[in-house]
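# Survey of secondary and tertiary structure
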Amino acid sequence: MAGSALLAALFISCTLLTGAVEADARQNGHYAEISQEAESYMPILCSPLPPPSSPSSSVDTVTPAEITAVHTLGAPLSLRTETSRVVSRLAELVSMFNPDVVVGSQTSSQPRSLQEEAQALSRSLSHRETDWKLVLIIIPADLTCICSPHVVADVNIVVQEVEAALQILHDQLHRTFVHMVVWGGHHEQDKCECKRDDKINLGLYKAAFLKTLQDSLSKVAEDPKWHGRTEDFTVLLQSAPVITEPNSDPEDSLSDLNRAAVQLWTNLLQPSAGQVKAVDGRVVTFPCPTQERPFLRTQRNSPSEKEIDPEAETSDHALGIVIPCTERNPSAATPTSVHKLRPADIKVVAAVGDSLTAANGVGANPDNLLQVITQYRGLSWSIGGDENITTVTTLPNILREFNPSLTGFSEGTGGHTEPKSFLNQAVPGAKSGDMVEQVRALVDIMKTDSRIDFNNDWKVITMFIGGNDICDFCMDSVNLSPYNVVNNIRQALDILHSEVPRAIVNLVELLNIVPLRGLHLDSSLECPTWLVGLICPCIVKPKEGSAELEKVHEFNRAYQRGMRDLIDTGNYDTRDNFTVVLQPFFREVFLPLLENGQPDRSYFTPDCFHLSQKAHTLMAQALWNNMLEPVGHKTFTQDFTAGLDLKCPTETDPYFKTAVNSNYTYPDTSPTVPSLTNWGSDFSCVETAPSSSVPTSADRVRPADIKVIGALGDSLTAAFGARATNVLELRTEFRGVSWSIGGDETLETVTTLPNILKKFNPDLKGPSLGEGKTHLGFNMAISGAKIAGIPGQVRTLIDTMKNNSAVDFHNDWKLVTLFIGGNDLCQYCNDRLTLSAKNYSLHMQKSLDLLYEEVPRVIVNVVEILEIEGLRKIKRDSLGCNVIQPFVCPCFLSPGDESPELAEIKRINRQLQDDTQELVYSGRYDGREDFAVVLQPFFRNTVVPVNAEGRPDTDYFSEDCFHFSERGQSDMASALWNNMLEPVGEKQRYNHFRNDRSGLKCPTKEHPYIFTRRNSFTSSTPTPMPPDFTLPPQTSAKPCITECSEPLPIWVSPVVAVAGLLVGCGLSAIFFVCRAKKQKKKTKTMPNSAF
């Protein structure tokens, strides 16, 4: 209690001290630049501008320094804590210009209408007529049912309430800025029946609702009555809703609040050229007023730019086409082979998929985002049948030019259950996992509808899926892994194959979705990026050049490759009356551009995400053309702006193209089935010779030049329990099968890095053999080791190599692999100080320094620590998995799924990866030609291997469901070897475990060397770094080891707290003194700052 009172007293003293200094500064009326010393502490603050010569009488010339108070209306009790924290941050930004700014309190604990709040605020401010005030009206979007059929009426009610409150403020307050803020957070109201419908795409509904509310309020804000009667009142709408998301990580939650505050602040100011609005991780950048643009924004001093009208951009592009084909006759008799199928033979069309096949927003007006919710199924590219080919271009309308009696197409608008939707069973928001259900429904309809002769009619069925999988993959990379997505598609195709006769199925390859980001990188297009972030967060939110964006590319390509491999199995060509053909026209998509180089919004619906009728027209033509192109020679790039010429069947070639009638030979895509007794690999490399003379540079080392191999690490490198068949064998270290250093048997039966290298140099020295510590070789790994033990392992490795008569220590080329950190993470929550990220980096630096200083002719592989979170999914009904697994790694396996503890350890996991990358690429180890350290990142984005059922495959793990089994060790070895043969900057940054015996890469004649940082790039090209790299400062700091791990005396905490508070008081005093001095000097502006 005494300690608390002392801290409180110090805080009060500090407040009085800084207040007195600040009051003195204001009394003297000086403005000048911050002193150099203060600026070193406070580089983030905006430089104060010269005060106005006299108080502003017009709302158009008010500066931030003249705002005396910030008040909030409309926040319900459920949002009050969140909004007050954001408004408090906003007031802090305003206080850079007026330290006396106050935040109005929201004291009422009883719900009140917005008009009642406005009336109460007006009364309380009646005596403050000469002060300029900022009033934020919070419009909570989450209190409205976003998927209600009465959503337009609900929006109108909200708008009317806001208008009534604005009228009260306008009539009773003077010198007032009113900013309306649509608040769309995560406080869901469970009063909507429609939200319980799993077929509802809630993200799309929420996005459309927010945009509709935003647009309606924008019209209110633009009403001249708020801007004409007086010069001291104005109303504006924040340009985008404030959207907060639930975060279990307190740091992420604070970052969310910071972003919201900066968003509000940015929209308060007059816009400046090049205004920074990005928010990056823990650093938030914000704009500052300038001498050229010093005022708060109003309608008059900052008129909004006219929104781009997509219709104005649209060139005369007909949405109907003319069919130039003359060969339109059906076969003389109904064909029995799918490989002899003419367009006129098709009697039925059908489709499954997501919102692109349901045609969301295809017929929407360019300025009506709410219409994106509407499913314009009659206009859908692959299944729509509205009107005819002269006005609406779709696959069915093309086919009807060949067979007017075609059936199955959808018409008009509505959901998939509407009668007019017919065989269009696509559902907005659907993922690959929904395909089985859609296909089942489709087959049932085809079997029972009287318009279809199920057994005799020829059918074209189009499946296009995967967009929503890639949009959400970053939030569930296991269930949405490429393997699982393709497996979901396979199951749906298997049903069609087994149950549907006389059908040709178009599997449209997933589009390359990344180019669509271009719409959201050009702010002049005014696309609702915040809205698309709700629909497709994994594509829109990653920053350019980030590891997250790289992962998008990897998954996108993996989805596409998986679809190709699925069809290339030939499994769907076992019957003469059925086939599946991959249609790849979307594989490479170029964002359509206008002549001025800007993206052409006319190809997109108002959300800048879904595709408009103009795009659907070209998609239909592209699909038709693909169907007439031979398998193996189909068009796989699409530049819509170049236009399309419709292809036609001919007398000599009248059929839709299949693998059989294209004389296409399926490649052998299935890997060699691994033996049940071993996890070996096949070796196919031909460039296996060593250098003609022993190289002197690490950049010219071939695999065959490696004479010695070593390894450092923990139980994974010691191969703890790798061949265990029961719990008792877990304690055995099967070092001979260790991924990076084991040398048991040969590569054909045991895949390890040494066994691969022995194919190049059979005399390799250093591999560990057998079990236990009898034949360690140069395997220095110790089970249970942490990073703090690695310098000791390095010392042992150096001494052991020097003392080994078989090793020419100075002349032999060596390869050392370092993999550590699992135990540091698993025990982090038990000793955060000793196991901190800083100490991890210092120990890693000390280890690499030893190798750099004492070992000649060596390449060091530093393997990034894996993402351990995925191991939480590894479950097996056994004693080892249920009892031992949580004991081995409590800090990762014990916390709840949404707990702050789990969020913290995930953040530390990523920080260790980032810090290791910084150290390796810092240039610290570039001074020796015969030394190279290379980061091998295949574990950076860890993907849990799954089995044929799509569940985590426990065969990759030992009896404790934590350590890797020999099977897992085998794939680790392959991944490490492949990383070594990939250039820096292009290395695979995720694991793809599948025990592919033929998956080993080979050195090439053009580049026969192990890749290092230097030889990854030509001498004329600057060495690029990974996208999330920044140079670390050079440091000689020593790691905190034993001293920091001891318990702290009980008196330390309060003393440190008191000292910290005194330092804070001192710095605050310095700041305000400097601010006072600053008033005497010339003001200089700082357009962008960060906090």
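Remember, predicted model here, so these are calculated numbers, not experimental data. (Residues numbered from 1 in each chain as written. Predicted model: local features only at pLDDT ≥ 70, side-chain atom pairs only at ≥ 80, totals over all residues. Heavy atoms only, no water.)

## Some words on the overall build of the protein
Secondary structure summary: the protein contains 28 helices and 18 strands in total. Classification of the 1091 residues of the protein by burial places 57% in the buried group. Counted over contacts in the protein with a minimum sequence separation of 6, partners at least 24 positions apart contribute 78%. Accessible surface for the protein amounts to roughly 45100 Å². Of this, 53% is attributable to carbon and sulfur atoms. (Helix = DSSP H or I, 4+ residues; strand = E, 2+ residues; numbered from the N terminus. Buried < 20%, exposed > 50% of the residue type's maximum accessible area, 1.4 Å probe, protein only. Contact = heavy atoms within 4.5 Å. Areas by Shrake-Rupley, 256 points an atom, 1.4 Å probe, with all protein chains shown as cover.)

## As for the packing of aromatic side chains
Throughout the structure, instances matching the rule amount to 21 aromatic pairs. Cation over ring: lysine 459 sits above phenylalanine 454, and NZ or CZ is 5.2 Å from the ring centre. One residue, lysine 614, lies across the ring of tyrosine 603, its end atom 4.3 Å from the ring centre. (Phe/Tyr/Trp six-rings, centres within 6.5 Å; stacked < 30°, edge-to-face > 60°. Lys NZ or Arg CZ within 6 Å of the ring centre and 35° of its normal.)

## Things to note about empty space enclosed by the protein
Evaluation of the coordinates by the stated rule reveals eleven cavities of 30 Å³ or more. Considered as a void within the structure, the largest cavity measures approximately 180 Å³ in volume. Forming the walls of the largest cavity are 18 residues, and the residues nearest its centre are Asp354, Leu356, Gly467, Ile513 and Phe609. A per-element tally of the lining of the largest cavity places helix H13 (residues 467-472) first, with three residues. Its residues assigned to classes, the lining of the largest cavity comprises eleven nonpolar, six polar and one charged. (1 Å grid on protein atoms, 1.4 Å probe; cavity = no way out; pocket = protein on both sides within 12 Å on 5 of 7 lines; lining within 4 Å. Points joined across faces, edges and corners; volume = space filled by probe spheres on them. Nonpolar A, V, L, I, M, F, W, Y, C, P; charged D, E, K, R; others polar.)

## Brief notes about the sheet that holds strand S11 (residues 578-583)
With respect to topology, four strands assemble into an open sheet ordered S8-S9-S10-S11, the strand pairing being parallel. Only two strands of the sheet have a single partner each, and these edge strands are strand S8 (346-353) and S11. Along the sheet, successive strands turn relative to each other by an average axial angle of 20 degrees, direction set aside. Sheet topology places strand S10 (residues 503-508) next to S11; six bridges connect them, and they run parallel. Following the sheet pairing, leucine 507 is matched in S11 by leucine 582. (Pairing = 2+ DSSP bridges. Axes fitted to C-alpha atoms, helices over the stretch in contact; angles between N-to-C directions.)

## A few points about the packing of helix H4 (residues 114-124) against helix H5 (residues 151-172)
Running from N to C, H4 and H5 cross one another at 15 degrees; their axes reach a closest spacing of 8 Å. Viewed along their axes, H4 and H5 adopt a mutual orientation that is roughly parallel. Crossing of H4 against H5: the hand is right-handed. Each of Leu114, Gln115, Ala118, Gln119, Leu121 and Ser122 in H4 lies in contact with H5, whose residues at this interface are Glu161, Val162, Ala164, Ala165, Ile168, Leu169 and Gln172. Within the contact of H4 with H5, the residues separate by chemical class into eight nonpolar, four polar and one charged. (Parallel < 35°, antiparallel > 145°, perpendicular 65-115°, else oblique. Left-handed = near helix turned anticlockwise from the far one by under 90°.)

## Examining helix H20 (residues 790-803)
Across its 14 residues, H20 extends 20 Å between first and last C-alpha, which sits within 8% of the 20 Å expected from 1.5 Å per residue. All of the buried residues along H20 are Ile790, Pro791, Gln793, Val794, Leu797, Ile798 and Met801. Summarising the axial view, the buried residues of H20 lie within an arc of 155 degrees, below the 170-degree limit, and thus occupy one face. Its buried side turned inward, H20 meets strand S14 (706-713), strand S15 (813-819) and helix H22 (837-854). (Expected span 1.5 Å × (residues − 1). Arc of directions from axis to C-beta.)

## Observations concerning the confidence of the model for the protein
In the predicted model, the protein carries a mean pLDDT of 82, and 81% of its residues have values of at least 70. For residues 273-284, every residue scores under 50 in pLDDT, and the model assigns this stretch 25 contacts once sequence neighbours within four places are set aside. pLDDT under 50 marks residues 305-317. Its contacts with residues more than four places away, or in other chains, come to 20 contacts. (pLDDT = per-residue confidence, 0-100.)

## Here's the deal with the environment of phenylalanine 177
Along the chain, phenylalanine 177 falls in strand S4 (residues 176-183). Since its relative accessible area comes to 1%, phenylalanine 177 is described here as buried. Measuring from C-alpha to C-alpha, the distance between phenylalanine 177 and leucine 136 comes to 8.4 Å, with 41 residues separating the pair along the chain. Contacts of phenylalanine 177, omitting those with residues within four sequence positions, involve Val59, Val62, Ile67, Trp132, Lys133, Leu134, Val135, Thr234, Leu296, Arg297 and Thr298.

## Looking at unusual backbone geometry
With a phi close to 50 degrees, arginine 502 is a non-glycine residue in the positive phi region. On the secondary structure map, arginine 502 appears in the loop between helix H14 (482-499) and S10. With a phi close to 55 degrees, glutamate 745 is a non-glycine residue in the positive phi region. Here glutamate 745 lies in the loop between S14 and helix H19 (753-757).

## Digging into the pattern of salt bridges
Inspection of the entire model under this criterion finds 36 salt bridges. In this structure, aspartate 494 engages arginine 490 in a salt bridge whose closest nitrogen and oxygen atoms are separated by 2.8 Å. Residue aspartate 494 and its partner arginine 490 are located together in helix H14, separated by four residues, close to a single helical turn. The partly exposed category is assigned to aspartate 494, whose relative accessible area is 30%. Of the charged contacts in the structure, one is a salt bridge between glutamate 588 and arginine 557, with a shortest N-O distance of 3.0 Å. (Salt bridge = Lys/Arg side-chain N within 4 Å of Asp/Glu carboxyl O.)

## Quick notes on the side chain of glutamine 560
Mapped onto the elements, glutamine 560 comes out in helix H17 (residues 547-567). Glutamine 560 sits in the buried class, given a relative accessible area of 1%. Of the polar contacts made by the side chain of glutamine 560, one reaches the side chain of arginine 557; its length is 3.0 Å. Glutamine 560 has contacts with Glu509, Leu510, Leu511, Asn512, Phe586 and Arg587, leaving out every residue within four places of it along the chain. (Polar contact = N/O pair within 3.5 Å; in protein donor to acceptor, adjacent residues only side chain to side chain.)

## Digging into the sheet that holds S14
The sheet built from four strands is open, its strands ordered S14-S15-S16-S17 with parallel pairing. Single-partner strands in this sheet number two, and they are S14 and strand S17 (931-936). Pairs of neighbouring strands in the sheet enclose a mean axial angle of 20 degrees, with direction left out of account. By the bridge criterion, seven bridges tie S14 to S15 in an arrangement that is parallel. When the bridges of S15 are listed, valine 708 appears paired with lysine 814. Across the face of the sheet, H20 comes into contact with S14 and S15 while running at roughly 155 degrees to S14. Sitting on the sheet, helix H25 (residues 900-920) touches strand S16 (858-863) and S17, and the angle it makes with S17 is about 155 degrees.

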